[in-house]
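# Tertiary structure, described
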Amino acid sequence: MDSRKVILLVGALIVAAITAFMARSLIVGSPAPQSAAMTVVAAAPDGPDVLVATKALPVGTILDASSLRYQPWPKELVQNVYYIKKAGFDPKSLQGTVVRNAITAGQPLTQGALVKPGDRGFLAAALGPGMRAVTVPVEATTSVGGFVFPGDRIDLILTQSVAGGGDGPPLKAAETIMRNIRVLATDQRTDNAVGDDGKTVVKTFSNVTIEATPRMAEQIAVAQTVGTLSLSLRSIADNSTELEQAIASGDVSMPDDPKAERAMLTRIASAPSAGGGSMATGADVSRYQRRTVPGKAVDQSGGNGGVPMAPTSPTGAAFPGGSMATGPMIRVARGNTVTDVAVGGKK
(Lines give C-alpha, C1' and ligand atoms only; values in the text may rest on other atoms or scores of the structure.)
Protein backbone atom coordinates (compact mmCIF):
# COMPACT_ATOMS: atom_id res chain seq x y z
CA MET A 1 0.00 0.00 0.00
CA ASP A 2 1.15 3.55 -0.75
CA SER A 3 2.63 5.27 2.33
CA ARG A 4 0.63 8.40 1.57
CA LYS A 5 -2.67 6.54 1.82
CA VAL A 6 -1.55 4.92 5.07
CA ILE A 7 -0.79 8.31 6.61
CA LEU A 8 -4.20 9.70 5.53
CA LEU A 9 -6.00 6.67 6.95
CA VAL A 10 -4.18 6.91 10.29
CA GLY A 11 -4.89 10.63 10.46
CA ALA A 12 -8.60 10.06 9.78
CA LEU A 13 -8.74 7.49 12.56
CA ILE A 14 -7.06 9.88 15.00
CA VAL A 15 -9.46 12.71 14.09
CA ALA A 16 -12.48 10.39 14.53
CA ALA A 17 -11.22 9.22 17.93
CA ILE A 18 -10.68 12.80 19.11
CA THR A 19 -14.17 13.82 17.90
CA ALA A 20 -15.83 10.89 19.66
CA PHE A 21 -13.97 11.66 22.89
CA MET A 22 -14.96 15.31 22.80
CA ALA A 23 -18.62 14.44 22.08
CA ARG A 24 -18.70 12.02 25.00
CA SER A 25 -17.19 14.63 27.29
CA LEU A 26 -19.85 17.13 26.30
CA ILE A 27 -22.72 14.67 26.91
CA VAL A 28 -21.55 12.84 30.04
CA GLY A 29 -19.08 15.17 31.63
CA SER A 30 -21.28 18.23 32.06
CA PRO A 31 -23.85 17.75 34.90
CA ALA A 32 -27.50 18.49 34.09
CA PRO A 33 -28.90 21.60 35.80
CA GLN A 34 -31.08 20.78 38.82
CA SER A 35 -34.07 22.87 39.80
CA ALA A 36 -34.06 23.79 43.46
CA ALA A 37 -37.53 23.93 45.07
CA MET A 38 -38.13 27.20 46.79
CA THR A 39 -40.11 27.06 50.01
CA VAL A 40 -42.45 29.99 50.32
CA VAL A 41 -43.42 30.76 53.87
CA ALA A 42 -46.83 32.40 54.06
CA ALA A 43 -46.92 35.38 56.28
CA ALA A 44 -49.17 35.02 59.31
CA PRO A 45 -52.23 37.27 59.25
CA ASP A 46 -51.53 40.45 61.16
CA GLY A 47 -55.17 41.07 62.04
CA PRO A 48 -57.28 40.16 65.07
CA ASP A 49 -58.85 36.79 65.84
CA VAL A 50 -62.22 36.39 64.13
CA LEU A 51 -64.93 33.84 64.89
CA VAL A 52 -65.27 31.41 61.94
CA ALA A 53 -67.31 28.29 61.23
CA THR A 54 -65.54 24.97 61.78
CA LYS A 55 -67.88 23.19 59.34
CA ALA A 56 -70.53 23.96 56.77
CA LEU A 57 -73.60 25.46 58.45
CA PRO A 58 -76.77 25.19 56.34
CA VAL A 59 -79.79 27.40 56.89
CA GLY A 60 -81.63 26.46 60.08
CA THR A 61 -78.60 25.00 61.89
CA ILE A 62 -78.64 25.53 65.66
CA LEU A 63 -75.11 26.46 66.74
CA ASP A 64 -73.29 24.50 69.42
CA ALA A 65 -69.78 24.61 70.90
CA SER A 66 -68.29 22.54 68.05
CA SER A 67 -69.51 24.93 65.33
CA LEU A 68 -67.25 27.92 66.16
CA ARG A 69 -63.60 28.74 66.70
CA TYR A 70 -61.30 31.77 66.58
CA GLN A 71 -58.87 32.23 63.69
CA PRO A 72 -56.43 35.08 62.85
CA TRP A 73 -57.72 37.18 59.97
CA PRO A 74 -55.93 39.74 57.72
CA LYS A 75 -56.37 43.21 59.13
CA GLU A 76 -57.40 44.77 55.82
CA LEU A 77 -60.19 42.18 55.36
CA VAL A 78 -61.81 42.54 58.77
CA GLN A 79 -65.33 43.99 58.68
CA ASN A 80 -67.43 45.51 61.42
CA VAL A 81 -70.04 42.75 61.22
CA TYR A 82 -67.51 40.06 62.23
CA TYR A 83 -67.36 38.64 65.75
CA ILE A 84 -63.90 39.78 66.89
CA LYS A 85 -62.16 38.36 69.94
CA LYS A 86 -62.24 40.98 72.62
CA ALA A 87 -62.73 41.34 76.33
CA GLY A 88 -66.29 40.94 77.52
CA PHE A 89 -67.46 38.77 74.61
CA ASP A 90 -68.05 35.05 75.20
CA PRO A 91 -68.59 32.79 72.15
CA LYS A 92 -70.85 30.64 74.32
CA SER A 93 -73.44 33.39 74.09
CA LEU A 94 -73.97 32.39 70.43
CA GLN A 95 -74.82 28.80 71.27
CA GLY A 96 -78.48 28.15 70.54
CA THR A 97 -78.67 30.77 67.80
CA VAL A 98 -79.92 29.73 64.36
CA VAL A 99 -78.17 30.25 61.02
CA ARG A 100 -80.27 32.48 58.77
CA ASN A 101 -77.90 32.45 55.76
CA ALA A 102 -75.75 29.47 54.75
CA ILE A 103 -72.12 29.66 56.00
CA THR A 104 -69.27 27.63 54.50
CA ALA A 105 -66.48 26.05 56.56
CA GLY A 106 -63.80 28.60 57.48
CA GLN A 107 -66.01 31.59 56.67
CA PRO A 108 -66.33 34.33 59.32
CA LEU A 109 -69.65 34.56 61.08
CA THR A 110 -71.53 37.81 60.62
CA GLN A 111 -74.09 39.31 62.97
CA GLY A 112 -76.75 39.40 60.26
CA ALA A 113 -76.36 35.69 59.49
CA LEU A 114 -77.54 34.57 62.95
CA VAL A 115 -80.89 34.82 64.71
CA LYS A 116 -80.95 34.70 68.51
CA PRO A 117 -83.72 33.06 70.56
CA GLY A 118 -86.48 35.56 71.16
CA ASP A 119 -85.70 37.59 68.04
CA ARG A 120 -88.34 38.05 65.40
CA GLY A 121 -88.19 35.26 62.82
CA PHE A 122 -86.18 32.90 65.04
CA LEU A 123 -88.65 30.03 64.78
CA ALA A 124 -89.05 30.44 61.02
CA ALA A 125 -85.26 30.35 60.62
CA ALA A 126 -85.01 27.20 62.76
CA LEU A 127 -87.40 25.30 60.50
CA GLY A 128 -85.97 23.12 57.78
CA PRO A 129 -87.02 23.61 54.15
CA GLY A 130 -90.61 22.49 53.62
CA MET A 131 -91.24 21.93 57.34
CA ARG A 132 -93.90 23.39 59.62
CA ALA A 133 -94.05 24.31 63.31
CA VAL A 134 -96.89 22.71 65.28
CA THR A 135 -97.76 23.35 68.94
CA VAL A 136 -99.09 20.45 71.02
CA PRO A 137 -100.62 20.94 74.51
CA VAL A 138 -99.17 18.54 77.09
CA GLU A 139 -99.25 17.94 80.82
CA ALA A 140 -96.51 17.06 83.28
CA THR A 141 -97.49 13.39 83.10
CA THR A 142 -97.34 13.34 79.30
CA SER A 143 -94.21 15.47 78.76
CA VAL A 144 -91.51 13.27 80.37
CA GLY A 145 -91.68 15.37 83.53
CA GLY A 146 -90.12 18.42 81.87
CA PHE A 147 -86.97 16.61 80.77
CA VAL A 148 -87.61 17.47 77.10
CA PHE A 149 -85.57 20.43 75.84
CA PRO A 150 -85.39 22.32 72.52
CA GLY A 151 -83.31 20.30 70.07
CA ASP A 152 -84.30 16.90 71.49
CA ARG A 153 -85.95 14.19 69.39
CA ILE A 154 -89.24 12.67 70.52
CA ASP A 155 -91.97 10.23 69.48
CA LEU A 156 -95.69 11.08 69.67
CA ILE A 157 -98.00 8.53 71.33
CA LEU A 158 -101.79 8.73 70.88
CA THR A 159 -103.97 7.22 73.62
CA GLN A 160 -107.69 6.77 72.94
CA SER A 161 -110.84 4.83 73.89
CA VAL A 162 -112.80 3.07 71.11
CA ALA A 163 -116.41 2.50 72.14
CA GLY A 164 -117.61 0.30 69.28
CA GLY A 165 -121.25 -0.85 68.99
CA GLY A 166 -121.59 -3.27 71.88
CA ASP A 167 -122.48 -2.92 75.54
CA GLY A 168 -119.05 -3.91 76.81
CA PRO A 169 -116.36 -1.54 78.02
CA PRO A 170 -114.56 0.49 75.32
CA LEU A 171 -111.24 -0.61 73.90
CA LYS A 172 -108.24 1.18 75.43
CA ALA A 173 -105.45 1.61 72.89
CA ALA A 174 -102.18 3.49 72.54
CA GLU A 175 -100.02 3.71 69.44
CA THR A 176 -96.90 5.55 68.32
CA ILE A 177 -98.13 7.70 65.45
CA MET A 178 -94.94 9.71 64.72
CA ARG A 179 -91.25 9.20 65.33
CA ASN A 180 -88.03 11.24 65.36
CA ILE A 181 -89.75 14.61 65.79
CA ARG A 182 -87.49 17.58 66.59
CA VAL A 183 -88.51 19.84 69.47
CA LEU A 184 -88.30 23.52 68.57
CA ALA A 185 -89.55 25.14 71.79
CA THR A 186 -91.16 24.40 75.12
CA ASP A 187 -93.79 27.01 75.95
CA GLN A 188 -92.17 30.23 74.69
CA ARG A 189 -88.57 29.11 75.31
CA THR A 190 -86.40 28.17 72.33
CA ASP A 191 -83.23 27.65 74.39
CA ASN A 192 -82.31 25.78 77.53
CA ALA A 193 -82.51 27.71 80.80
CA VAL A 194 -79.21 27.61 82.70
CA GLY A 195 -78.96 28.13 86.43
CA ASP A 196 -76.29 29.94 88.44
CA ASP A 197 -74.31 26.69 88.73
CA GLY A 198 -74.12 26.37 84.93
CA LYS A 199 -76.46 23.38 84.77
CA THR A 200 -79.61 23.15 82.69
CA VAL A 201 -82.75 23.90 84.70
CA VAL A 202 -85.56 21.35 84.38
CA LYS A 203 -88.98 23.01 84.18
CA THR A 204 -92.43 21.70 83.42
CA PHE A 205 -94.29 23.16 80.47
CA SER A 206 -97.83 23.10 79.09
CA ASN A 207 -97.05 23.37 75.36
CA VAL A 208 -94.36 21.97 73.11
CA THR A 209 -93.66 23.21 69.59
CA ILE A 210 -92.35 20.56 67.20
CA GLU A 211 -91.16 20.40 63.60
CA ALA A 212 -93.26 18.38 61.15
CA THR A 213 -94.10 18.06 57.49
CA PRO A 214 -97.36 19.65 56.25
CA ARG A 215 -99.01 16.22 56.09
CA MET A 216 -97.89 15.36 59.61
CA ALA A 217 -99.14 18.74 60.86
CA GLU A 218 -102.63 17.83 59.62
CA GLN A 219 -102.43 14.43 61.31
CA ILE A 220 -101.37 16.01 64.61
CA ALA A 221 -104.33 18.41 64.47
CA VAL A 222 -106.72 15.47 64.04
CA ALA A 223 -104.96 13.36 66.71
CA GLN A 224 -105.57 16.07 69.33
CA THR A 225 -109.33 15.64 68.81
CA VAL A 226 -109.18 11.83 68.88
CA GLY A 227 -107.40 11.29 72.19
CA THR A 228 -104.47 12.33 74.36
CA LEU A 229 -100.99 12.94 72.97
CA SER A 230 -97.93 11.99 75.02
CA LEU A 231 -94.22 12.61 74.40
CA SER A 232 -91.64 9.84 74.38
CA LEU A 233 -88.02 11.02 74.53
CA ARG A 234 -85.73 9.29 72.04
CA SER A 235 -82.18 8.17 72.70
CA ILE A 236 -79.41 9.76 70.63
CA ALA A 237 -78.32 6.27 69.50
CA ASP A 238 -81.77 5.39 68.09
CA ASN A 239 -81.26 7.31 64.85
CA SER A 240 -78.05 5.49 63.93
CA THR A 241 -79.57 2.11 64.83
CA GLU A 242 -82.63 2.65 62.65
CA LEU A 243 -80.42 3.90 59.84
CA GLU A 244 -78.25 0.78 59.97
CA GLN A 245 -81.35 -1.40 59.84
CA ALA A 246 -82.66 0.50 56.81
CA ILE A 247 -79.33 0.09 55.00
CA ALA A 248 -79.14 -3.62 55.83
CA SER A 249 -82.68 -4.23 54.57
CA GLY A 250 -81.97 -2.44 51.30
CA ASP A 251 -84.51 0.33 51.88
CA VAL A 252 -81.70 2.91 51.63
CA SER A 253 -78.95 2.78 48.98
CA MET A 254 -75.76 4.66 49.78
CA PRO A 255 -73.94 6.73 47.12
CA ASP A 256 -70.27 6.16 46.28
CA ASP A 257 -69.22 9.76 46.89
CA PRO A 258 -68.15 10.20 50.57
CA LYS A 259 -69.49 13.77 50.72
CA ALA A 260 -72.83 12.73 49.26
CA GLU A 261 -72.91 9.80 51.69
CA ARG A 262 -72.39 12.04 54.73
CA ALA A 263 -75.05 14.46 53.50
CA MET A 264 -77.49 11.60 52.95
CA LEU A 265 -76.83 10.12 56.40
CA THR A 266 -77.45 13.51 58.03
CA ARG A 267 -80.65 14.02 56.08
CA ILE A 268 -82.04 10.57 56.89
CA ALA A 269 -81.11 10.79 60.57
CA SER A 270 -82.98 14.08 60.95
CA ALA A 271 -86.09 13.16 58.92
CA PRO A 272 -89.30 12.62 60.92
CA SER A 273 -91.67 9.80 60.00
CA ALA A 274 -95.32 8.93 60.57
CA GLY A 275 -97.18 5.63 60.66
CA GLY A 276 -95.84 2.12 61.03
CA GLY A 277 -95.30 2.50 64.78
CA SER A 278 -96.01 0.01 67.52
CA MET A 279 -99.30 -0.18 69.41
CA ALA A 280 -100.73 -1.64 72.61
CA THR A 281 -104.28 -2.40 73.74
CA GLY A 282 -105.81 -2.79 77.17
CA ALA A 283 -105.48 -6.57 77.06
CA ASP A 284 -101.70 -6.19 76.66
CA VAL A 285 -101.43 -4.74 80.17
CA SER A 286 -104.40 -6.33 81.97
CA ARG A 287 -106.32 -9.57 81.50
CA TYR A 288 -109.53 -7.75 82.45
CA GLN A 289 -109.34 -5.37 79.49
CA ARG A 290 -110.43 -5.84 75.91
CA ARG A 291 -108.25 -6.71 72.94
CA THR A 292 -110.77 -5.82 70.23
CA VAL A 293 -113.50 -3.25 69.68
CA PRO A 294 -116.88 -4.27 71.23
CA GLY A 295 -119.12 -5.92 68.65
CA LYS A 296 -122.67 -4.91 67.88
CA ALA A 297 -125.26 -6.47 70.17
CA VAL A 298 -127.84 -8.80 68.55
CA ASP A 299 -131.55 -8.75 69.48
CA GLN A 300 -132.36 -11.82 71.62
CA SER A 301 -135.92 -11.99 70.23
CA GLY A 302 -135.03 -13.08 66.74
CA GLY A 303 -131.98 -11.28 65.39
CA ASN A 304 -129.44 -13.34 63.50
CA GLY A 305 -132.02 -15.87 62.35
CA GLY A 306 -133.65 -16.19 65.75
CA VAL A 307 -130.43 -17.39 67.41
CA PRO A 308 -129.28 -15.02 70.15
CA MET A 309 -125.61 -14.17 70.35
CA ALA A 310 -123.68 -15.31 73.39
CA PRO A 311 -122.71 -12.46 75.72
CA THR A 312 -119.03 -11.70 75.86
CA SER A 313 -116.66 -10.91 78.70
CA PRO A 314 -114.71 -7.62 78.93
CA THR A 315 -111.81 -9.29 77.14
CA GLY A 316 -114.01 -10.16 74.14
CA ALA A 317 -114.32 -13.88 74.94
CA ALA A 318 -117.71 -15.60 75.31
CA PHE A 319 -118.89 -16.52 78.78
CA PRO A 320 -119.31 -20.24 79.42
CA GLY A 321 -122.67 -21.31 78.04
CA GLY A 322 -123.28 -17.90 76.53
CA SER A 323 -124.79 -16.50 79.70
CA MET A 324 -123.76 -13.91 82.24
CA ALA A 325 -124.32 -16.50 84.99
CA THR A 326 -121.28 -18.04 86.59
CA GLY A 327 -122.83 -21.49 87.32
CA PRO A 328 -123.12 -24.53 85.02
CA MET A 329 -125.43 -24.01 82.04
CA ILE A 330 -127.34 -26.31 79.66
CA ARG A 331 -128.23 -25.16 76.12
CA VAL A 332 -131.60 -26.52 74.94
CA ALA A 333 -132.57 -26.41 71.24
CA ARG A 334 -136.23 -26.65 70.22
CA GLY A 335 -136.36 -26.35 66.46
CA ASN A 336 -134.87 -22.95 65.63
CA THR A 337 -135.16 -21.74 69.21
CA VAL A 338 -132.12 -22.08 71.47
CA THR A 339 -132.31 -21.32 75.19
CA ASP A 340 -129.77 -21.47 78.01
CA VAL A 341 -130.95 -23.07 81.26
CA ALA A 342 -128.97 -22.98 84.47
CA VAL A 343 -128.51 -26.35 86.12
CA GLY A 344 -130.98 -26.64 88.94
CA GLY A 345 -133.02 -23.72 87.68
CA LYS A 346 -136.10 -23.35 85.49
CA LYS A 347 -136.61 -21.39 82.27
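This write-up is about the structure you can find in this document. Given the structure is predicted, the values throughout are model-derived calculations rather than measurements. Throughout this description, residue numbers start from 1 for each chain and increase along the sequence as written. The predicted nature of this model means local features are confined to residues of pLDDT at least 70 and side-chain atom pairs, given and counted, to a pLDDT of 80 or more, with totals for whole chains, interfaces and linings taken over all residues. Only heavy atoms go into the side-chain values, all of them from the structure, while hydrogens and water stay out.

## What to know about the packing of aromatic side chains
Going by this rule: The aromatic pairing rule takes the rings of Phe, Tyr and Trp, using the six-membered ring of Trp, and pairs them if the centres are within 6.5 Å, calling planes under 30 degrees apart stacked, those over 60 edge-to-face and the rest tilted. Burial classes follow relative accessibility: with a 1.4 Å probe on protein chains only, a residue under 20% of its type's maximum area counts as buried, one over 50% as exposed, and anything between as partly exposed. Counted as over-ring charges are cases with an Arg CZ or a Lys NZ within 6 Å of the ring centre that also lie within 35 degrees of the ring normal.
One pass over the full model with this rule turns up one aromatic pair. A ring pair is formed by Y83 and F89, whose centres lie 5.7 Å apart and whose planes are at 20 degrees; its orientation type is stacked. Using a relative accessible area of 10% as the deciding quantity, one classes Y83 as buried. Residue placement shows K85 over the ring face of Y70; its charged tip is 5.5 Å from the ring centre.

## Topic: the side chain of R153
Selection criterion: In DSSP terms, a helix is any run of H or I states spanning at least four residues, a strand is any run of E spanning at least two, and both are numbered starting from the N terminus. None of His or the chain ends enter the tally, which takes Lys and Arg as positive and Asp and Glu as negative. For this analysis, a salt bridge means a side-chain nitrogen from Lys or Arg found within 4 Å of a carboxyl oxygen belonging to Asp or Glu. Nitrogen and oxygen atoms within 3.5 Å of one another constitute a polar contact, given that in protein one can donate a hydrogen and the other can accept it, and given that sequence-neighbouring residues count only through two side-chain atoms.
Assignment of secondary structure puts R153 in strand β6 (residues 153-162). One buried charge, R153, has no salt-bridge partner; the nearest side chain with opposite charge is E211, at 5.3 Å. A polar contact is formed between the side chain of R153 and the backbone oxygen of N180, at a distance of 3.3 Å.

## Description of the nonpolar core
Put simply, the rule reads: In this description, a nonpolar core means a group of buried Ala, Val, Leu, Ile, Met, Phe, Trp, Tyr and Cys residues linked to one another through side-chain atoms lying within 4.5 Å. Contacts between residues were defined by any pair of non-hydrogen atoms, one from each residue, lying within 4.5 Å.
Counting 21 residues, the largest nonpolar core has I154, L156, V208, I210 and I220 as its most contacted members. Put simply, the parts of the chain that give this core at least two residues each are β5 (132-137), β6, β7 (171-186), β8 (207-212), α3 (214-226) and β9 (228-233). Residue contacts for L156: discarding those within four places in its chain leaves E175, T176, I177, M178, I210, I220, S230 and L231. Residues Y83, L94, I103 and L109 belong to the second largest nonpolar core, which totals twelve residues.

## Section: α3
Applied cut-off: What a helix is expected to span follows from its residue count: subtract one and scale by 1.5 Å. What the arc covers is the set of directions going from the helix axis to the C-beta atoms.
If you check α3, its first and last C-alpha atoms are 19 Å apart, about what 13 residues at 1.5 Å a residue would give, namely 18 Å. By the burial criterion, the buried members of α3 are M216, A217, I220 and A223. Angularly, the buried residues of α3 cover 120 degrees about the axis, an arc narrow enough to put them on a single face. Facing away from the buried surface of α3 by more than 90 degrees, the exposed residues are R215 and T225.

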